[in-house]
Amino acid sequence: MEKSIIVSSEVNVPAIIQKYKDGSTRDYDLFVSKLTNDELDSPSLVACLQGLKECVSILDRDYETLISVILKIGWTLRETAVIQEYQAFILNLLSAHTFYLKACLRSFVRLFLPKHSIADSVSTDQKQTHDDQCLVVHGLIKSITQVVPMTATVLLPMLSNMFPYMTKDTYIQECYVKNILRITQYLPTNRKQILEIVLDRMLKLDVRSPRHEIQECENLECQEDMMDEAIFDMDDSACVIPSVVMATRPSSMEDGGPMSHKEADRLDTLMVLLFTFVQGVCYPNGNLHWEETKKLYKEILYIFDKIILSTHASCHVQFIMFYICSFRRDLCEGFIDYLWKKVQDPNTESIFRQASVSYISSIVARATYVPLR
């Protein structure tokens with residue numbers, strides 16, 4: 001009988017891989033089975049990863065099952081030695097075999113989604129643990145972008161395809177959006193595409209959250225259009241989240257609790273995330289960074305032109321554009337000029353010209369930072 005080369009925690013991984021290549025599958029199957037064991041101790045896991053790293057050059061498509069098992073290992077909450085060894089193996093693997101890139105990225109992006117879906121049932125410690133886990137994942141993805149130049153090309157469509165469906169819980173939506181916005185820190189040239197993914201999903205929530213439904217769900221009495229109370233103060237824009245967020249929340253929700261209208265509650269949470277993101281980019285040290293602000297303004301204006309202007313019944317998402325315009329008068333005048341050119345252009349479809357007029361009216365009526373002259 002053939003002697004097994006798997007003995008307790010001592011595994012001769014290169015020998016196992018070579019025997020599998022020669023046609024003997026027994027030890028290979030045992031090795032794969034061992035890796036699927038959630039109770040595998042850290043020293044043994046480190047030894048397995050080190051052994052795999054030695055023979056990474058021969059881990060071609062015939063070893064997809066093995067790689068699939070490795071990607072399912074819960075490595076992010078292990079000891080530092082395991083995390084470092086796991087990251088080193090992945091980087092070596094992708095350097096040698098880029099066809100594993102899609103499977104690896106899909107596995108890592110999936111970790112942005114928390115296991116616990118209801119925020120109220122998740123403790124502060126669990127939230128912090130998930131956030132720490134995501135930071136470790138971001139570190140690995142960032143390293144991958146430096147090793148494999150085509151990473152962004154594969155990652156961006158994946159971020160869109162793996163976006164949680166709009167009916168998923170608010171906490172899931174929040175975690176996912178927060179983490180894909182973090183990707184812009186190490187993929188700054190792809191920030192516009194990432195923002196477009198986020199705003200596109202927010203628009204879908206927006207059109208499913210008409211103001212009258214929100215009011216009805218919160219059992220509010222008939223009142224003036226809530227958005228008429230959304231006032232932006234240019235002097236305060238650097239230090240507070242714009243009041244549109246609070247204006248769209250019914251008075252019954254002023255305690256910060258969840259809204260009864262599910263889509264509105266998800267949208268509200270994502271709006272706060274995006275406002276905070278815009279503020280962080282434009283005011284990194286408490287002072288306006290004009291060059292970064294101009295760049296972000298152009299990116300958001302591009303998205304506004306592409307998907308927001310053409311969306312019927314959008315009531316809230318456009319305030320992202322209004323918010324960044326509050327940072328400096330030049331931005332506000334530029335945005336109004338952009339809209340006015342749409343109105344004047346006879347080649348622009350009438351529905352877009354009408355929408356442009358509506359947006360001009362909206363920002364002039366609501367924004368105190370718009371100069372009246």
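Data block above holds the structure.
These figures come from a predicted structure and were not determined experimentally.

Each value, and the rule that gives it
Residues numbered from 1 in each chain as written. Predicted model: local features only at pLDDT ≥ 70, side-chain atom pairs only at ≥ 80, totals over all residues. Heavy atoms only, no water. Salt bridge = Lys/Arg side-chain N within 4 Å of Asp/Glu carboxyl O. Buried < 20%, exposed > 50% of the residue type's maximum accessible area, 1.4 Å probe, protein only. Helix = DSSP H or I, 4+ residues; strand = E, 2+ residues; numbered from the N terminus. Expected span 1.5 Å × (residues − 1). Contact = heavy atoms within 4.5 Å. Phe/Tyr/Trp six-rings, centres within 6.5 Å; stacked < 30°, edge-to-face > 60°. Lys NZ or Arg CZ within 6 Å of the ring centre and 35° of its normal. Axes fitted to C-alpha atoms, helices over the stretch in contact; angles between N-to-C directions. Parallel < 35°, antiparallel > 145°, perpendicular 65-115°, else oblique. Left-handed = near helix turned anticlockwise from the far one by under 90°. Nonpolar A, V, L, I, M, F, W, Y, C, P; charged D, E, K, R; others polar. Core = buried A, V, L, I, M, F, W, Y, C linked by side-chain atoms within 4.5 Å.

Engineer: Account for the pattern of salt bridges, with residues named and values stated.
Structural biologist: Scanning the entire structure with this criterion turns up 17 salt bridges. Taking the shortest distance from any N to any O, the salt bridge between Arg26 and Asp27 comes out at 3.7 Å. A relative accessible area of 3% places Asp27 in the buried class. Note that Arg208 and Glu263 form a salt bridge whose closest N and O atoms lie 3.5 Å from each other. Here Arg208 is found in the loop between helix 10 (191-207) and helix 11 (211-217), whereas its partner Glu263 is found in helix 13 (residues 262-282), with 55 residues between them in sequence. Each of Lys19, Arg26 and Asp27 takes part in salt bridges that share partners, so that together they form one network.

Engineer: How would you sum up helix 5 (residues 80-96)? Please name residues and give values.
Structural biologist: Because the α-helix completes a turn every 3.6 residues, residues three or four places apart line up on one side. Between the first and last C-alpha of helix 5 there are 24 Å, a value that for 17 residues agrees with the 24 Å anticipated at 1.5 Å per step. Listed as buried for helix 5 are Val82, Ile83, Glu85, Tyr86, Gln87, Phe89, Ile90, Leu93 and Leu94. In this structure, the buried residues of helix 5 make contact with helix 3 (42-54), helix 4 (64-71), helix 6 (101-110) and helix 7 (124-147).

Engineer: Explain the packing of aromatic side chains to me, and be specific about the residues and the numbers.
Structural biologist: Describing an aromatic ring pair means giving the distance of the ring centres and the angle of the ring planes. A complete count under the given rule lists 17 aromatic pairs for this structure. For the pair Phe304 and Phe335, a centre-to-centre distance of 5.2 Å together with 85 degrees between the ring planes defines the contact as edge-to-face. Placement of the pair is Phe304 in helix 14 (residues 290-308) and Phe335 in helix 16 (residues 329-344), with a sequence separation of 31 residues. No difference in accessibility class separates Phe304 from Phe335, as the two residues are buried. What links up through ring pairs into an aromatic cluster is the set Phe304, Phe319, Phe322, Phe335, Tyr338 and Tyr359. Against the face of Phe99 rests Arg61, its NZ or CZ located 4.2 Å from the ring centre. The residue whose ring lies beneath Arg328 is Trp290, and the NZ or CZ to ring-centre distance is 4.0 Å.

Engineer: A description of the side chain of His138 should follow, citing residues and the corresponding values.
Structural biologist: With respect to the helices and strands, His138 occurs in helix 7. Setting aside residues up to four positions removed in sequence, His138 forms contacts with Phe112, Asn179, Arg182, Ile183 and Tyr186.

Engineer: Please provide a residue-by-residue account of the packing of helix 3 against helix 5, values included.
Structural biologist: Direction vectors running N to C along helix 3 and helix 5 enclose 20 degrees, while the axes themselves pass 9 Å from each other. In terms of their interaxial angle, helix 3 and helix 5 are classed as roughly parallel. Our pair here, helix 3 against helix 5, has a crossing hand that is left-handed. Listed contacts from helix 5 to Ser42, Leu45, Val46, Leu49, Gln50, Leu52 and Lys53 of helix 3 are Ala81, Val82, Glu85, Tyr86, Ala88, Phe89 and Asn92. Looking at the contact of helix 3 with helix 5, its residues break down into nine nonpolar, three polar and two charged.

Engineer: Describe the nonpolar core, naming the residues involved and giving the relevant values.
Structural biologist: Membership of the largest hydrophobic core comes to 111 residues, with the highest contact counts inside it found for Leu66, Phe108 and Phe335. Ranked by residue count, the leading element in this core is helix 13, at ten residues. Not counting the four nearest positions on each side in its chain, Phe335 is found in contact with Tyr297, Leu301, Phe304, Met321, Phe322, Cys325 and Ile363.

Engineer: How would you summarise the environment of Tyr28 if you had to cite specific residues and measurements?
Structural biologist: Relative to the elements of secondary structure, Tyr28 occurs in helix 2 (residues 26-35). Spatially, the C-alpha atom of Tyr28 lies 9.0 Å from that of Leu66, the residues being 38 residues apart in sequence. For Tyr28, the contacting residues outside a window of four places in its chain are Ile16, Ile17, Tyr20, Tyr63 and Leu66.

Engineer: Please set out the side chain of Gln318 residue by residue, giving values where relevant.
Structural biologist: Within the secondary structure, Gln318 sits in the loop between helix 14 and helix 15 (319-325). Setting aside residues no more than four positions away along its own chain, Gln318 makes contact with Asp206, Phe304, Ile308 and Tyr359.

Engineer: Explain the packing of helix 5 against helix 6 residue by residue, including any values.
Structural biologist: Packing of helix 5 against helix 6 leaves a shortest axis separation of 10 Å and a crossing angle of 150 degrees. Here helix 5 lies roughly antiparallel to helix 6, going by the angle between them. Crossing of helix 5 over helix 6 shows left-handed handedness. Mapping the contact onto sequence places Tyr86, Ile90 and Leu94 in helix 5 and Leu101, Cys104 and Phe108 in helix 6. A breakdown of the residues in the contact of helix 5 with helix 6 according to their chemical character gives six nonpolar, no polar and no charged.

Honestly, it's all geometry; don't read function into it.
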